[in-house]
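# Tertiary structure, described
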Amino acid sequence: MTTEAEVQFYKNMHEVITEVEKHRFVPIHKSFVVNYDHIVKLNSKEVEMSNEAILPISRQMRKSIEEIRMC
């Protein structure tokens, strides 16, 4: 999903993360990579995005999200 539209494509998640992580995108779940600049609220279980979407953070990603919160 972008600010203008929802975009769907099929690609290996590892490939997606490798391509976008240098542009302030962070993986939060096996199905979600989000733009850090659009996170409005963040806790250990979920993020709220600027478009009001609330997305879960997987257990495996909680540690890395906590590190981001500290920065």
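The structure this text deals with has already been given above.
Before going into details, it helps to say that this report is about the structure given with it. (Residues numbered from 1 in each chain as written. Predicted model: local features only at pLDDT ≥ 70, side-chain atom pairs only at ≥ 80, totals over all residues. Heavy atoms only, no water.)

Take the sheet that holds strand 5 (residues 54–56) next. Strand order across the open sheet formed by three strands is 3-4-5, with antiparallel pairing between neighbours. Where the open sheet ends on each side, the last strands, each with one partner, are strand 3 (39–42) and strand 5. When strand polarity is set aside, the average angle formed by the axes of neighbouring strands in this sheet is 25 degrees. As judged from the three bridges shared by strand 3 and strand 4 (residues 46–49), these two strands associate in the antiparallel manner. Its bridge partner being in strand 4, lysine 41 is matched across the sheet by glutamate 48. (Pairing = 2+ DSSP bridges. Helix = DSSP H or I, 4+ residues; strand = E, 2+ residues; numbered from the N terminus. Axes fitted to C-alpha atoms, helices over the stretch in contact; angles between N-to-C directions.)

The next thing to look at is the environment of asparagine 51. Inspection of the secondary structure puts asparagine 51 in the loop between strand 4 and strand 5. Taking the C-alpha atoms as reference points, asparagine 51 and isoleucine 39, separated by twelve residues in sequence, lie 9.2 Å from one another. Engagement of the side chain of asparagine 51 in a polar contact is seen with the backbone nitrogen of alanine 53, the distance being 3.0 Å. (Polar contact = N/O pair within 3.5 Å; in protein donor to acceptor, adjacent residues only side chain to side chain.)

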